[in-house]
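# Structural characterization, general
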Amino acid sequence: MIRIEEIVEKVGRNHPQADLDILRRAYFFSAREHKGQTRASGEPYLVHPLEVANILAEMRLDEVSVATGLLHDVVEDTLVAPEVIRELFGEEIAHLVDGLTKIAQISNQSREEQQAENVRKMLLAMVDDVRVVLVKLADRLHNMRTLQFLKPEKRRRIAQETLDIFAPIAHRLGIGRMRSELEDLAFQHLHPEEYRELAEQLEKRRPEHEAFLGDITTHIQEKMLEAEVPIIRVEGRVKRLYSIWKKLKRQKIGLDQVYDMIAARVITPNEVRHCYAALGVVHNMWQPVPGRFKDWVAMPRDNLYQSLHTSVIGTKGQPFEVQIRTEEMHRIAEEGVAAHWKYKEGKRGARDDDQAFQWLRSLVEWSQEVKDSRDFLESLKLDLYPKDVYAFTPMGKVMQLPRGATPVDFAYLIHTEVGNKCTGARVNNRIVPLRTAIQNGDVVEIMTSPNSHPSRDWLNFVVTSRARNRVRHWVAEQQRAESIEIGRKLFEKEAGRLQLSAKKLLGDSDGELKRIANDYGYGRVDDLLAAIGYGKIVPRNAIAKFLGPDKFAELDQKKESRLRSSVNAGVQAVRKFIRLGDDSIVVRGVDDLLVARARCCNPVRGEEIIGYVTLGKGVAVHARRCKNVQQLMVNPERIVEVEWAGSSDQAAYAVKLLAITENRTGMIAGLTDAISDMKTGIRDMRATVAPDNRGRIEVTVEVFDVKHLDKVMSNIRKVPGVLDVERLQGAA
Ligand code: MN
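This structure is a prediction, so every number in the text was calculated from the model and none was measured.

### Some words on helix α23 (residues 512-519)
Buried within α23 we find Leu513, Ile516 and Ala517. Here the buried residues of α23 occupy an arc of 105 degrees about the axis, which is enough to place them on one side. Summarising the contacts, the buried residues of α23 are in contact with α21 (465-497), α22 (502-507), α24 (525-534) and α25 (539-547). Phi turns positive one or two residues past the end of α23, at Gly521, with a value near 95 degrees.

### A short note on the sheet that holds strand β19 (residues 681-689)
Taken together, four strands build an open sheet; the order of strands is β19-β20-β18-β21 and the sheet is antiparallel. Each having just a single partner strand, β19 and β21 (722-727) make up the two edges of the open sheet. This sheet shows a mean twist of 20 degrees between the axes of neighbouring strands, independent of strand direction. Summarising the sheet, β19 and strand β20 (residues 694-703) pair through eight bridges and their orientation is antiparallel.

### Digging into the sheet that holds strand β15 (residues 619-623)
Strands belonging to one sheet form pairs held by backbone hydrogen bonds; the direction of such a pair is parallel or antiparallel. An order of β13-β15-β14-β16 is seen for the four strands of this open sheet, with the pairing classed as mixed. For this open sheet the edge positions go to β13 (595-597) and β16 (639-640), each flanked by a neighbour on one side alone. The sheet contact formed by strand β14 (residues 609-613) and β15 spans five bridges and is antiparallel. Bridge pairing links Val613 to Val619 in β15.

### Some remarks on the packing of aromatic side chains
Enumeration according to the criterion identifies nine aromatic pairs in this entry. Aromatic side chains Phe212 and Phe320 sit 5.5 Å apart centroid to centroid with 85 degrees between the ring planes, which places their arrangement in the edge-to-face category. Highlighted residues: Phe212 in helix α11 (residues 192-227) and Phe320 in strand β6 (residues 319-326), separated in sequence by 108 residues. Considered together, Phe212 and Phe320 belong to a single accessibility category, that of buried residues. One aromatic cluster in this structure is built from Phe187, Tyr195, Tyr242 and Trp245. The residue whose ring lies beneath Arg39 is Tyr45, and the NZ or CZ to ring-centre distance is 5.9 Å.

### Quick notes on the coordination of the manganese ion
Distances from the manganese ion to its protein donors, namely His48 (NE2), His72 (NE2), Asp73 (OD) and Asp139 (OD), fall within the range 2.2 to 2.4 Å. The exposure class of Asp73 is buried, given its relative accessible area of 7%. Asp139 gets classed as buried once you look at its relative accessible area, which sits at 9%.

### Points about the pattern of salt bridges
Under the defined criterion, the tally for this structure stands at 43 salt bridges. One salt bridge connects Glu210 with Arg206, and the closest N-O pair in it is separated by 3.6 Å. Taken together, the residues Glu210 and Arg206, both in helix α11 and four residues apart, mark about one turn of the helix. Glu210 sits in the partly exposed class, given a relative accessible area of 47%. Judged by relative accessible area, Arg206 falls into the partly exposed class, the value being 43%. The shortest N-O distance in the salt bridge between Arg273 and Glu271 comes to 2.7 Å. Overlapping salt bridges bring together Arg60, Arg177, Glu328, Arg331, Glu334 and Glu335 as one network.

### So, the side chain of Thr393
Looking at the element boundaries, Thr393 is found in the loop between β7 (388-392) and β8 (398-402). Overall, the relative accessible area of 11% leaves Thr393 in the buried class. If we skip the residues at most four places from it in the chain, Thr393 touches Met399, Phe410, Val443 and Val444.

### Section: the packing of helix α28 (residues 667-676) against helix α29 (residues 706-717)
Contact geometry for α28 and α29: axes closest at 9 Å, N-to-C directions at 145 degrees. As α28 runs across α29, the sense of the crossing is right-handed. Between α28 and α29, the residues in contact are Leu671, Ala674 and Ile675 and Val712, Asn715 and Ile716, respectively. A breakdown of the residues in the contact of α28 with α29 according to their chemical character gives five nonpolar, one polar and no charged.

### Observations regarding the confidence of the model for the protein
Scored by pLDDT, the protein has a mean of 81; 84% of the residues are at 70 or more. The spread of mean pLDDT over the elements of the protein runs between helix α16 (residues 351-356), the lowest at 48, and helix α3 (residues 47-58), the highest at 96. For the stretch residues 560-581, pLDDT sits under 50, and the model shows 31 contacts to residues farther than four places along the chain or on other chains.

### Brief notes about the pairing of β6
Most of β6 sits inside the fold, with seven of its eight residues counted as buried. Across six bridges, strand β2 (residues 262-268) lies against β6 in parallel orientation. Bridge pairing in β6 links Thr268 to Thr326. The pairing of strand β5 (residues 308-313) with β6 spans six bridges and is classified as antiparallel.

### A word on the pairing of β15
The side chains of a regular strand alternate, first on one face of the sheet and then on the other. Burial runs high along β15: five of the five residues are buried. Every second residue of β15 is oriented toward a common face, with Val619, Val621 and Ala623 on one face and Ala620 and His622 on the other, all of them buried.

### Focus: α25
Buried within α25 are the following residues: Pro539, Ala542, Ile543, Ala544, Phe546 and Leu547. Remark: Gly548 follows α25 within two positions and exhibits a positive phi of approximately 90 degrees.

### Some thoughts on the side chain of Thr310
Of note, Thr310 is situated in strand β5. Residues contacting Thr310, with those up to four places away along its chain left out, are Leu279, Val282, His283, Pro288, Arg292, Phe293, Phe320, Glu321 and Val322.

The rules behind these values
- Note that residues are indexed from 1 along each chain, following the sequence as it is written.
- Note on the predicted model: pLDDT of at least 70 is required for a residue's local features to be given, and 80 or more for side-chain atom pairs to be given and counted; whole-chain, interface and lining totals, by contrast, use all residues.
- Each side-chain value is derived from all of the structure's non-hydrogen atoms; neither hydrogens nor water enter the calculation.
- Three labels apply to residues, based on accessible area from a 1.4 Å probe with only protein chains included: buried if under 20% of the type maximum, exposed if over 50%, partly exposed otherwise in between.
- In this text, helices come from DSSP runs of H or I with a minimum length of four residues, and strands from runs of E with a minimum of two, each type numbered from the N-terminal end.
- It is the directions from the helix axis to the C-beta atoms that the arc portrays.
- The criterion used for residue contact is that any of the two residues' heavy atoms lie within 4.5 Å.
- A pair of strands is considered paired only if DSSP assigns at least 2 bridges between the two.
- Axes here mean lines fitted to C-alpha atoms, for a helix over just the part in contact, with angles spanning 0 to 180 degrees between N-to-C directions.
- Between rings of Phe, Tyr and Trp, where Trp is taken as its six-membered ring, a pair exists when centres lie within 6.5 Å; planes separated by under 30 degrees are stacked, by over 60 edge-to-face, and by other angles tilted.
- Criterion for a charge above a ring: Arg CZ or Lys NZ at most 6 Å from the ring centre, at most 35 degrees from the ring normal.
- Only nitrogen, oxygen and sulfur atoms qualify as donors, and only when within 2.8 Å of the metal (3.2 Å in the case of Na, K and Ca); with water excluded, sites may look incomplete.
- Salt bridge, as applied in this entry: a Lys or Arg side-chain nitrogen positioned within 4 Å of an Asp or Glu carboxyl oxygen.
- Helix crossings are classified by the rotation of the near helix relative to the far one: an anticlockwise turn of less than a right angle makes the crossing left-handed, while a clockwise turn makes it right-handed.
- Polar here means any residue outside two lists: the nonpolar Ala, Val, Leu, Ile, Met, Phe, Trp, Tyr, Cys and Pro, and the charged Asp, Glu, Lys and Arg; Gly therefore counts as polar.
- Per-residue confidence from the predictor is given as pLDDT, running between 0 and 100.

Given below as structure tokens:
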């Protein structure tokens, strides 16, 4: 049994100013109140509050949280009145204990309602003081660690609840370490057979994994030293059982195909530029797997997780993951909100917490609106799991999608026309059905064909309202277009029967026919035709209105024996270019033109540009400096004037630069410093040594405009050892 003095010592180490005596008092009080009680394991009950307190001390929480851990069950399980706690331990602790007791209180409701109620209370308590939930999570963790002493039925129920509610809450609060342990324990009790099998398989490979990890970590350390990129340490990790199991289940693959089974974790000093410098070194050591690079540093997850992830191919061909983050990011990845909370005491304001709790607040607001407990629990499960998945275009652009989104949703997110012309999709280079749910980190490539169009079936699986609306709109448009066409044919047929020129009639859309459309309550002739097509209006009646009753009767008499004029309406297809993607460029004097930045020269905002009308692909926008422009001038009639739109969006353009340097150590670090000094993103970096013993460093930077680019280049030129830097042609 852990001793209270060990706990006191831990808290004292992390909080030198803390009132440690309150911990000893809480301990004695708890010991007295729980005296004689035992746990299912047969141990004295006191073990439980002590262990809970220890977990909290390990999380480096303050003495108030740890004392609450010691006292968390006294009001609930013994006869102590809340006022007693207040008198003995003060307002703050009493408040926390009260919050915990309220969560635990069981009324005579169904199990489902109880659970829903408890979760609601927990959410409210969390907003009030996040420490309530931290203590509750520590409580659950210790209960999970000792679950084997309970009956199988109860064990399963608690494990399921842990997986459904507690592990996701830990995740949303960013407490990675606790989430992992909760999930693995729950997995062990929910699927004991599969757990044992997988654990055995992994155990068998352990020597191999350890040797491999040892190799790569040593190797990374050496190379970082050589490149003069400062790092604190390199760790190795093997993926956790539960997440391996989930992956095997979901992707129906074997253990050998889990590419991120093994990961090296590089921890750098607390400056972001070191992360990118380290990434450059890693990509230089091993071939990166395209599309697997994820920059959670520039774009933190909403639980504040930050890290660079990349997958590389080892020298023997086996892929593995490398995660790079600063010491501070690492701590937040492990401790999440607990790490933040600690800072609240002094150094840091509450602003970070505010951001972290944004989702929590909206969750609470919403939880009060939903009345039905089943509905509430179901949507809560959805909401507790990360709401969004991040997927990538083949060009590496990050797309944020809701859970369950499919390639069709992805396509519509890129652009309506991409969605409308979507015929299929490749996910991670494999062709998949369009209804496949996209997973985090997937690289999604949409295949399109100009003759393709949306299918009504898509409505059965798309999840974004954007995709749903566009498909519905298309279906409705399509129906309307068909109806107009049918209406027109019916009208022509009737006109032909009466030996009237349909062409003439229809051409009269400003006059008589329009009046008749209005008579029927329609604004336009097309609406009238659509109504005929839908079968709402009989064409004969429409024509009768047009001619007037007498004239119509006269013609109607002679209806037989008439030649049918073969009218070819020849509907002229109206070609309309649609603007695609590059909203930042406008074609002077024209709307709705499809424009795309040419890949050969990859123009950046601010550069002089010209547009060239291509055959069927809209306007390609080239930089005036582009080599291809000379040749395009052969067809001056297809050159159009374009300009950068005055939009304020700060879209970044990826530009590939080549630096020629002396072959000396520290070049990569020097370069990353020069670039990140200007708050410029680095997307990729690779270095080689040319036969002339010159270093060639290719770096892809993200710039907002051409001025920004010039500054970056001149900064790089100033780095000692850099001989020259040039912009490479082509898209990065
Ligand atoms: Mn407890």
